[in-house]
Amino acid sequence: MKYNLTHLRELESEAMYVIREVAAQFENPALLFSGGKDSILCFHLAKKAFYPAKVPFPLVHIDTGHNFPETIEFRDRLIEENGVELIVGSVQESIDQGKVVEETGFNASRNGLQTVTLLETIESNKFDACMGGARRDEEKARAKERFFSHRDEFGQWDPKNQRPELWNIFNGMKKMGENFRVFPISNWTEMDVWQYILMENIELPMLYFSHEREVFMRDGVIYSDGEFMNKRPEEGLEKRIVRFRTIGDMTCTGAVASDASDLESIIEEVAATRTTERGTRADDKRSEAAMEDRKKQGYF
């Protein structure tokens, strides 16, 4: 299969320009890294942006403790192979210290608890800019973000108070205690991401490719079984061929039934689907403004 991929080089150039601007304007930046395809893509772009030097900032993973094992294995291997620094913020530690209260019940998730851990990690390490792999096409709240997204001294985001970015001129000026979230791949779509991954032959966790897995159904969503999953008595397990379009906390990330076992078949599937990429994320369905409310509080 052949694709017209000229636009991908323009997106690549734009993203690398943003990443270099972060390195130039901020004293202590970091790259938020979840082990998902978008953060892996951002790391790949950062490597290209500074080659042959190493990536000049650490990777920061906010660990819920309920990650897919494959994600953690991939993260650790990537860190070792590339010789970069990894900083891990632990949601479990935040719970143990009484800073957040863990949810209970069958729909309990730690995803929302990441905000406190993230803000503490930013504060304790004095990061003045944290890059992330969020894209505007993912969710309506994320569509409101600029490339350089200002956060106040409490780490909060005001969607009505954002700076103009005319001609790709970015204003990183801030007061003491304030910081920025920066989104280098804001203008990319899910299709762009997959086509670029194919073009650049970027390695991903096998979760993204179809495989047999023990799963159960809840509210029309396929969930993977695991030690963190609190199943109802009627939620029986079955083996199905599935893959994940997005990777997050196991308790709120659903799979899709799919036979797409390689990059080209995934691209074909994404081109034909009518479901959004985050349509299987339970945390986005808690309310109409779930993501925006969390972002205002300091979420990714």
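Residues numbered from 1 in each chain as written. Predicted model: local features only at pLDDT ≥ 70, side-chain atom pairs only at ≥ 80, totals over all residues. Heavy atoms only, no water.

## A closer look at the overall build of the protein chain
Broken down by element type, the protein chain carries 8 helices and 10 strands. The C-alpha atoms of the protein chain give 19 Å as radius of gyration, which agrees with the globular expectation for 300 residues (19 Å, within 12%). Taking the principal axes of its C-alpha atoms as reference, the protein chain extends roughly 55 × 55 × 40 Å. Counting every position in the protein chain, which comprises 300 residues, the buried fraction comes to 54%. Contacts in the protein chain between residues at least 24 apart in sequence constitute 73% of all its contacts with a sequence separation of at least 6. Accessible surface, the protein chain: about 14100 Å² in total, of which carbon and sulfur atoms supply 50%. Charged side chains in the protein chain number 40 positive and 53 negative. The centres of these two groups are separated by 3 Å. (Helix = DSSP H or I, 4+ residues; strand = E, 2+ residues; numbered from the N terminus. Rg over C-alpha atoms; globule rule 2.2 N^0.38 Å. Buried < 20%, exposed > 50% of the residue type's maximum accessible area, 1.4 Å probe, protein only. Contact = heavy atoms within 4.5 Å. Areas by Shrake-Rupley, 256 points an atom, 1.4 Å probe, with all protein chains shown as cover. Lys, Arg positive; Asp, Glu negative; His and termini not counted. Charge placed at Lys NZ, Arg CZ, Asp CG, Glu CD.)

## With respect to unusual backbone geometry
The omega angle of the peptide bond from Y51 to P52 is 10 degrees, so this bond is cis rather than trans. The topology assignment puts P52 in the loop between α2 (37–50) and β2 (59–63). Phi angles above zero are rare outside glycine, and N201 is one such case at about 55 degrees. Considering the arrangement of structural elements, one finds N201 in the loop between α6 (190–200) and β7 (211–218). Judged by its relative accessible area of 65%, N201 falls in the exposed class.

## A few points about the packing of α2 against α6
At a closest axis distance of 11 Å, the pairing of α2 and α6 adopts a crossing angle of 55 degrees. On the basis of their axis angle, the class for α2 and α6 is oblique. You can see that α2 and α6 cross each other, and the crossing is left-handed. For the pair formed by α2 and α6, the contact residues are K37, D38, L41, H44, L45 and K48 on the first element and E190, V193, W194, Y196, I197 and E200 on the second. Split into classes, the residues belonging to the contact of α2 with α6 amount to 6 nonpolar, 1 polar and 5 charged. (Axes fitted to C-alpha atoms, helices over the stretch in contact; angles between N-to-C directions. Parallel < 35°, antiparallel > 145°, perpendicular 65-115°, else oblique. Left-handed = near helix turned anticlockwise from the far one by under 90°. Nonpolar A, V, L, I, M, F, W, Y, C, P; charged D, E, K, R; others polar.)

## Things to note about the pattern of salt bridges
Per the stated rule, a full pass over the model turns up 19 salt bridges. Between E203 and R77 there is a salt bridge, with its nearest N and O atoms 3.0 Å apart. One end of the pair, E203, is in the loop between α6 and β7; the other, R77, is in helix α3 (residues 69–82), with 126 residues separating them in the sequence. Its relative accessible area of 43% is what places E203 among the partly exposed residues. E123 is paired through a salt bridge with K126; the nearest N and O atoms lie 3.1 Å apart. Here E123 falls in the partly exposed class, since its relative accessible area comes to 47%. Each of the salt bridges in this network shares a partner with another, and the network as a whole consists of R9, E12, K48 and E200. (Salt bridge = Lys/Arg side-chain N within 4 Å of Asp/Glu carboxyl O.)

## Regarding the sheet that holds strand β9 (residues 238–243)
The sheet built from 4 strands is open, its strands ordered β8-β7-β9-β10 with antiparallel pairing. Unpaired on one side and paired on the other, β8 (221–224) and β10 (256–257) mark the two borders of the sheet. Pairing geometry for β7 and β9, over 5 bridges, is antiparallel. For E212, the partnering residue across the bridge sits in β9 and is I241. (Pairing = 2+ DSSP bridges.)

## Some remarks on the confidence of the model for the protein chain
Note that predicted coordinates carrying low pLDDT should not be read in detail. For the protein chain, per-residue confidence averages 86 on the pLDDT scale, and residues scoring 70 or more make up 90% of the total. The secondary structure element of the protein chain with the lowest average pLDDT is helix α8 (residues 290–297), at 54, and the one with the highest is α2, at 97. (pLDDT = per-residue confidence, 0-100.)

## Some remarks on the environment of G89
Residue placement: G89 occurs in strand β3 (residues 86–90). For G89, a relative accessible area of 5% puts it in the buried group. Taking the C-alpha atoms as reference points, G89 and F68, separated by 21 residues in sequence, lie 16 Å from one another. Setting aside anything within four residues of it in sequence, one finds G89 in contact with H61, I62, D63, T117 and T121.

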